[in-house]
Amino acid sequence: MIVPVQGAELFCSTHGTGTVGPACLFLSAVGTRHYELQTPPELSDLFRLVYVDLRGSGQSTGEPADLTFDLLAEDLEAVRRALGVERIAVLGHSILSVLAIEYGRRRPGSVSHVITAGAPPYGDMARVSAEAMAFFEQHASEERKQILRENLAGLTADAPLKQHLVAQGPMRFFDPRFDAAPLFEAMVPRPQLVMHVMGKLAAGWDVTADPGSLRVPLFLAHGRHDYVVPYVLWEGIRLPNATFELFERSGHQPFFEEPVRFAETVASWFAEQTG
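Calculation criteria
- Residues numbered from 1 in each chain as written.
- Predicted model: local features only at pLDDT ≥ 70, side-chain atom pairs only at ≥ 80, totals over all residues.
- Heavy atoms only, no water.
- Helix = DSSP H or I, 4+ residues; strand = E, 2+ residues; numbered from the N terminus.
- Rg over C-alpha atoms; globule rule 2.2 N^0.38 Å.
- Buried < 20%, exposed > 50% of the residue type's maximum accessible area, 1.4 Å probe, protein only.
- Pairing = 2+ DSSP bridges.
- Axes fitted to C-alpha atoms, helices over the stretch in contact; angles between N-to-C directions.
- Core = buried A, V, L, I, M, F, W, Y, C linked by side-chain atoms within 4.5 Å.
- Contact = heavy atoms within 4.5 Å.
- Arc of directions from axis to C-beta.
- Disulfide = S-S within 2.5 Å.
- Salt bridge = Lys/Arg side-chain N within 4 Å of Asp/Glu carboxyl O.

Draft legend 1. Representation of the overall build of the protein within the structure. Helix and strand counts for the protein stand at twelve helices and eight strands. Radius of gyration (C-alpha) of the protein: 18 Å, near the 19 Å computed for a compact globule of 275 residues. Overall, the C-alpha framework of the protein stretches about 50 × 40 × 35 Å when taken along its three principal axes. By the burial criterion, 55% of the 275 residues in the protein qualify as buried.

And the structure:
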């Protein structure tokens, strides 16, 4: 499905039956296929999942630098209207969790639930990276550290981004030897949008700023072995309508690594919020 928006066309791919929850926008900045491969049937049984390439990424058109939080909300509202639904959920992974949260903040009348996985509580990437490395050094096993060193040593100077991400497997997955090459191979490498989001759009963002405006139920999923955005970054943060869930056998993508528990936990959370 192609959805025309101001200055761009958004590519969307739809999967799932939606037997429990509403339609759910799954945000992507690296092509929808990357997340389609990571989505277990347990999750697509819950929702009608609509994978959305944000403007300037994947198969969507438009200038990444044009994206603001307000324009993002307008873009995703256009997708919602094209689907013909009054309310919709949204799921964001990693830095895209910031966008999911801000869509919910700006459109509480049409966003029913916000689901995040591996979300940072603030957008200062230098701070996140420094705290992640400190967490890795303190808590990662020696085996995990050794595998990471070996992986990084095997990279050539001109190795593409996909190979760097695969090499970082010990920081991203519960199983430090997990071969993520097929997942990252499906990426559409157009880094301008991610650079814009991380370098400018979210740079001064903090989830605790104006917490009273976060009126939509928020689900925060984190992996015990996520060394990219460690769960400990959220310690001491309290938000209205937020539910924090730690997945013991996951890294940066618990929806992929613990699919049954993730789906069951989200389904229970939905029942609690709508009951």
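Structure's up, so let's keep going.
Draft legend 2. Here's a closer look at the sheet that holds strand β8 (residues 242–247). Sheet architecture is open: eight strands sit in the order β1-β2-β4-β3-β5-β6-β7-β8, paired in mixed fashion. Strands at the two margins of the open sheet, each flanked by one partner only, are β1 (2–5) and β8. Adjacent strand axes in the sheet meet at a mean angle of 25 degrees, parallel and antiparallel pairs treated alike. By the bridge criterion, four bridges tie strand β2 (residues 8–15) to strand β4 (residues 48–53) in an arrangement that is antiparallel. Each bridged residue has a counterpart across the sheet, and for Cys12 the counterpart in β4 is Val52.

Draft legend 3. The arrangement of the nonpolar core in detail. Residues Leu25, Leu27, Val79, Leu99 and Tyr103 are the most contacted members of the largest nonpolar core, which totals 46 residues. Per element, the largest residue contribution to this core is seven residues, and it comes from helix α3 (residues 69–83). When sequence neighbours within four positions are dropped, the list of residues in contact with Leu27 reads Tyr35, Val52, Leu54, Leu76, Val90, Leu91, Leu96, Leu99 and Ala100. Formed by 28 residues, the second largest nonpolar core is a distinct cluster that contains Leu49, Leu183, Ala221 and Ala263.

Draft legend 4. Representation of the pairing of β1 in the model. By the alternation rule, side chains of β1 split into Val3 and Val5, which are all buried, and Ile2 and Pro4, of which none is buried. Pairing geometry for β1 and β2, over four bridges, is antiparallel. The partner of Ile2 across the bridge, within β2, is Phe11. Between β1 and β2, which pair antiparallel and follow one another directly, the connecting turn spans two residues, one of which, Gly7, has a positive phi of 75 degrees.

Draft legend 5. Structural view of helix α10 (residues 192–201). Along α10, the residues classified as buried are Leu193, His196, Val197 and Leu201. Taken down its axis, α10 places every buried residue within 95 degrees of arc, on the same side. Structural note: α10 exposes Met195 and Gly199 on the side pointing more than 90 degrees away from its buried face. Tucked into the core, α10 has its buried residues touching α3 and α4 (96–106).

Draft legend 6. Main features of the state of the cysteines. Scanning all chains against the criterion turns up zero disulfides. Between Cys12, a cysteine without a disulfide, and Cys24, which holds the nearest cysteine sulfur, the sulfur-to-sulfur distance is 13 Å. Of the residues examined, Cys12 reaches a relative accessible area of 2% and is grouped as buried. Residue classification places Cys24 among the buried positions, given a relative accessible area of 0%.

Draft legend 7. Molecular detail of the pattern of salt bridges. Counted under the stated rule, the structure contains 13 salt bridges. Residues Arg55 and Asp75 are paired through a salt bridge, measuring 2.8 Å at the closest nitrogen-oxygen approach. Residue Arg55 is located in the loop between β4 and α3, and its partner Asp75 is located in helix α3; the two are separated by 20 residues in the primary sequence. Each member of the pair Arg55 and Asp75 is classed as buried. When the shortest N-O distance is used, the salt bridge between Lys162 and Glu185 registers 3.9 Å. Of the two residues, Lys162 is situated in helix α7 (residues 161–167) and Glu185 in helix α9 (residues 181–185); the sequence distance between them amounts to 23 residues.

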